[in-house]
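Remarks on the overall topology
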Amino acid sequence: MSDSIDLVVIGGGPGGSAAAIRASQLGLRVALVEAEERLGGTCLNWGCIPTKALLRQAQVLRLLRRAEEFGLTTGEIGHDWQQVIGRSRRVVEELSGGVAALMRKNRVEVVRGRGRLTPSREVEVVPDDGDPVRLRAERVLLATGGRPASLPGVEIDGERVISSREAMVLPQRPDTLVIIGAGAIGVEFASFYGAFGTRVVLLEAEAQVLPGEDPEAATVLTAALEADGVEVRTGVRVTGVKTTSRARRATVAFEGPEGPAEVKGERALMAVGVTANAGGLGLAALGLRADRGRVPVDDDYQTPVPGVYAIGDLIGPPQLAHAASAEGAAAAEAMAGQGRGRPDPASIPRCIYSEPEVAGVGLTQAQAEEQGIEVKVGRFPLIASGRARASGDAEGLIKLVFGARYGDLLGAVIVGPEATELIAEAGLALAMEATWEELAHTVHAHPTLSEGLMEAAAAAFGQSINI
Ligand code: AMP
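Residues numbered from 1 in each chain as written. Predicted model: local features only at pLDDT ≥ 70, side-chain atom pairs only at ≥ 80, totals over all residues. Heavy atoms only, no water.

1. Digging into the overall build of the protein
A count of helical and extended segments in the protein gives 13 helices and 23 strands. Here the C-alpha atoms of the protein give a radius of gyration of 23 Å, agreeing with the 23 Å that 2.2 N^0.38 yields for 467 residues. In terms of overall dimensions, the protein has C-alpha extents of about 65 × 65 × 45 Å along its principal axes. Looking at the protein residue by residue over its 467 residues, the buried ones come to 51%. Taking the intrachain contacts of the protein between residues at least 6 apart in sequence as the baseline, contacts between residues at least 24 apart amount to 61%. Accessible surface, the protein as shown: approximately 21600 Å² in total, 49% of it carbon and sulfur. The averaged location of the 60 negative side-chain charges in the protein is 5 Å from the averaged location of its 46 positive side-chain charges. (Helix = DSSP H or I, 4+ residues; strand = E, 2+ residues; numbered from the N terminus. Rg over C-alpha atoms; globule rule 2.2 N^0.38 Å. Buried < 20%, exposed > 50% of the residue type's maximum accessible area, 1.4 Å probe, protein only. Contact = heavy atoms within 4.5 Å. Areas by Shrake-Rupley, 256 points an atom, 1.4 Å probe, with all protein chains shown as cover. Lys, Arg positive; Asp, Glu negative; His and termini not counted. Charge placed at Lys NZ, Arg CZ, Asp CG, Glu CD.)

2. A word on helix H3 (residues 48-65)
Helical geometry: 3.6 residues make up each α-helical turn, so side chains three or four residues apart lie on a common side. In this model H3 runs 26 Å from its N-terminal to its C-terminal C-alpha over 18 residues, within 8% of the 26 Å that 1.5 Å per residue would give. Listed in full, the buried residues belonging to H3 are Pro50, Thr51, Ala53, Leu54, Leu55, Gln57, Ala58, Leu61 and Arg62. Against the buried residues of H3 lie helix H2 (41-46), helix H4 (81-105) and helix H6 (184-195). (Expected span 1.5 Å × (residues − 1).)

3. With respect to unusual backbone geometry
Cis rather than trans, the peptide bond between Pro317 and Pro318 has omega equal to 10°. Mapped onto the elements of the fold, Pro318 is located in the loop between strand E18 (308-310) and helix H8 (321-335). Backbone torsion omega between Glu355 and Pro356 reads 0°, so that peptide bond is classified as cis. Residue position: Pro356 is located in the loop between strand E19 (350-352) and strand E20 (357-362). Residues other than glycine seldom take positive phi values, yet Tyr301 does so here, at roughly 70°. With respect to the helices and strands, Tyr301 occurs in the loop between strand E17 (274-276) and E18.

4. Observations regarding the pattern of salt bridges
Enumeration according to the criterion identifies 20 salt bridges in this entry. Ionic pairing is found between Arg134 and Glu122, a salt bridge with its closest N-O pair at 2.9 Å. Residue Arg134 is found in strand E6 (residues 133-135), and its partner Glu122 is found in the loop between strand E4 (114-117) and strand E5 (123-126); the two are separated by 12 residues along the sequence. Asp291 is the partner of Arg292 in a salt bridge, and the nearest nitrogen-oxygen pair spans 3.6 Å. In this structure Arg292 comes out as exposed when scored by relative accessible area, which is 68%. Assessed through its relative accessible area of 42%, Asp291 is described here as partly exposed. Each of Arg116, Glu122, Glu124, Arg134 and Arg136 takes part in one network of salt bridges that share partners. (Salt bridge = Lys/Arg side-chain N within 4 Å of Asp/Glu carboxyl O.)

Structure, rendered in structure tokens:
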């Protein structure tokens with residue numbers, strides 16, 4: 001088999017599988033090496049997908065609690081934790097089978113086991129049981145993703161100090177949970193556990209939740225988290241976590257505005273970012289060194305070792321599933337000599353599926369201003385949206401940032417219902433270098449949430465009709 005392969009992809013997550021399929025479409029013979037039983041990687045099995053199932057369940061719970069507002073009556077509202085977790089795992093299983101089917105359809109050979117490069121640049125695949133096999137191909141693509149990062153000196157023991165992986169399958173709902181880091185992962189779990197009645201303390205070193213995101217969006221989100229009972233504490237840098245197995249408690253120490261302090265919880269969830277899975281791949285023997293945890297690549301995603309490529313979490317931020325998929329497809333095309341080029345990092349949407357959702361694409365107002373660009377900003381508060389009001393979900397904002405000179409869209413941030421869906425229009429507008437007029441003069445259906453983009457574009461240039 002190994003003589004007939006053109007490309008070995010190591011890692012079957014969203015990056016690796018997109019690369020494998022695209023390479024196969026382009027006529028390469030592809031083998032995909034995956035260590036886990038299921039394809040789909042962290043995103044499908046332990047990240048994006050199961051957490052979206054859980055967050056949907058939290059959303060349904062919140063709606064049920066508001067039944068009266070909609071003129072509906074319910075009995076007592078409760079939950080069965082095992083079923084809550086169970087549903088999210090079923091979603092994963094169904095989708096994982098779909099990825100395997102896609103590989104078969106695209107003639108990608110899936111090889112089970114842990115892959116690593118040998119000094120002679122073959123790929124050795126070590127299965128859980130059975131003998132290692134060696135694959136030789138002209139090209140190897142590393143797509144091994146990342147794993148939850150921790151703080152120096154703090155071990156994620158999976159028991160008292162947990163990562164997102166444990167947090168999505170806890171056998172019992174904790175009464176108290178201290179979440180360290182208010183990035184996408186921390187915020188989503190705060191939103192989920194807050195809805196289910198866990199007392200959540202969310203600790204963030206920076207001055208706002210979702211650091212780097214538009215502060216107006218962060219303010220709306222913080223208010224919603226607090227309404228769910230989440231204690232949001234920003235400007236606190238966690239310095240350590242102590243655990244005692246007897247007391248079943250994690251004690252989180254931090255440096256806050258009033259000096260050192262600590263907070264205790266049944267568990268502490270580490271949500272401080274992602275570390276690349278660059279170890280154990282045999283990189284050092286090939287003279288390939290990860291730089292601050294990142295594998296260096298050129299514009300075609302080729303590392304300094306000819307024929308060895310890398311994409312996704314391995315090569316650094318934005319470490320998002322959809323970035324990895326785009327990079328995987330672009331890398332496959334570069335190998336076939338028909339590159340679409342590297343996706344512009346600024347065009348990659350940022351999506352947080354909390355309640356309310358937050359989504360952004362392109363530059364924030366602050367980033368544009370830091371670059372010295374004169375901007376025009378248009379806002380559309382959802383309180384003015386007929387559709388949002390009809391749905392009883394009118395908390396939020398659509399904000400568009402344009403260059404004042406040419407009226408070109410620079411960025412968008414949306415906080416509110418369906419923000420993660422609505423942001424796609426702004427993404428397309430950015431990709432097409434659309435101006436405010438093109439957005440404002442595109443007839444949007446009424447009543448929809450998406451009208452808000454049209455209104456915000458018009459508002460930026462003083463032509464809003466409905467606000
Ligand atoms: P993300 O990279 O989006 O998953 O977000 C990780 C979050 O963790 C960021 O908002 C960081 O500011 C935050 N963070 C990192 N280190 C600490 C720390 N020691 N204490 C509190 N928050 C932290």
